[in-house]
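Below, each chain spelled out in residue letters.
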Amino acid sequence: MGLTATDATDLVKQLQHAHRISVAFYRRILPTFDAIAADLDFQFWYWEPSHTSMPGRGSTQPSSKWAWDYVPLFASNHFYRRISGKTANPEDAALCFCLYIDDAFSPENRKAKGIKGQPDAVKMPIGNAVLQAYVYRPLEVSD
């Protein structure tokens, strides 16, 4: 199945729009996480993709990784913390925002749909956008 120049142009335009919409969304949601955390006196700690790897380094051949690794915020965890010293105290806490742009990508939902390995972005059914927030704290002083 060949791709005509017109089809290719249309696909590239759709991709350009999709990337711009993604960037616009992240420019709004990420500062919102920061603001909520700051209001609760938490400091940014780290973030990570939930179910993929970080994009490869410059020496990594992009085609050798999951294509999903190149959209790391698609399913991601964002951690903030409030700590008072070197030992864990009950007043310390961690805040985690778990973001799914599409929860069909979660391992549980992929398994339920019989998807094994890297999901096909075209064939995988579209799920729901989900944002979960978790707060963790120690119950007692601990090293």
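Above this text you will find the structure in question.
*Asks:* Describe the overall build of the protein chain, with residues and values.
*Replies:* Across its full length, the protein chain holds two helices and four strands. Secondary structure of the protein chain in N-to-C order comes out as α-β-β-β-α-β. Compactness check: the protein chain gives a C-alpha radius of gyration of 19 Å against a globular reference of 15 Å for 143 residues, more than 25% above the reference. With the principal axes as the frame, the protein chain shows a C-alpha extent of 65 × 35 × 30 Å. Residues classed as buried in the protein chain amount to 25% of the 143 residues present. Of the contacts made within the protein chain by residues no fewer than 6 positions apart, 68% connect residues no fewer than 24 positions apart. Carbon and sulfur atoms provide 56% of the accessible area of the protein chain, an area that totals close to 10,200 Å². Of the charged side chains in the protein chain, 15 are positive and 15 negative; the average position of the first set lies 6 Å away from that of the second.

*Asks:* Give me the side chain of S106: which residues, what numbers.
*Replies:* Within the element layout of this structure, S106 appears in the loop between strand 3 (93-100) and helix 2 (107-112). The class of S106 is buried, set by a relative accessible area of 5%. Setting aside residues up to four positions removed in sequence, S106 forms contacts with H51 and Y100.

*Asks:* Lay out the nonpolar core with the relevant residues and their values.
*Replies:* Y26, I29, F33, A37, F42, L73, Y80, A93, L95, F97 and L99 form the largest nonpolar core, which has 11 residues in total. Sorting the residues of this core by element identifies helix 1 (5-39) and strand 3 as the ones contributing at least two each. Those residues in contact with L99 that lie beyond four places of it in its chain are F25, F33, L73, F74, A75, S76, V130 and L131. Core analysis: the next-biggest nonpolar cluster, separate from the first, contains seven residues, F74, A75, Y100 and F105 among them.

*Asks:* Run through unusual backbone geometry, naming residues and quoting values.
*Replies:* We note that D41 has phi near 65°; this positive angle belongs to a residue other than glycine. Mapped onto the secondary structure, D41 falls in the loop between helix 1 and strand 1 (43-49).

*Asks:* Just give me the short version of the side chain of D102, but keep the residues and values in it.
*Replies:* Position of D102 among the secondary structure elements: in the loop between strand 3 and helix 2. Polar side-chain contacts of D102 include one of 2.7 Å to the backbone nitrogen of G127. Leave out the neighbours within four places in its chain, and D102 touches F74, P125, I126, G127 and N128.

Cut-offs and rules
Residues numbered from 1 in each chain as written. Predicted model: local features only at pLDDT ≥ 70, side-chain atom pairs only at ≥ 80, totals over all residues. Heavy atoms only, no water. Helix = DSSP H or I, 4+ residues; strand = E, 2+ residues; numbered from the N terminus. Rg over C-alpha atoms; globule rule 2.2 N^0.38 Å. Buried < 20%, exposed > 50% of the residue type's maximum accessible area, 1.4 Å probe, protein only. Contact = heavy atoms within 4.5 Å. Areas by Shrake-Rupley, 256 points an atom, 1.4 Å probe, with all protein chains shown as cover. Lys, Arg positive; Asp, Glu negative; His and termini not counted. Charge placed at Lys NZ, Arg CZ, Asp CG, Glu CD. Core = buried A, V, L, I, M, F, W, Y, C linked by side-chain atoms within 4.5 Å. Polar contact = N/O pair within 3.5 Å; in protein donor to acceptor, adjacent residues only side chain to side chain.

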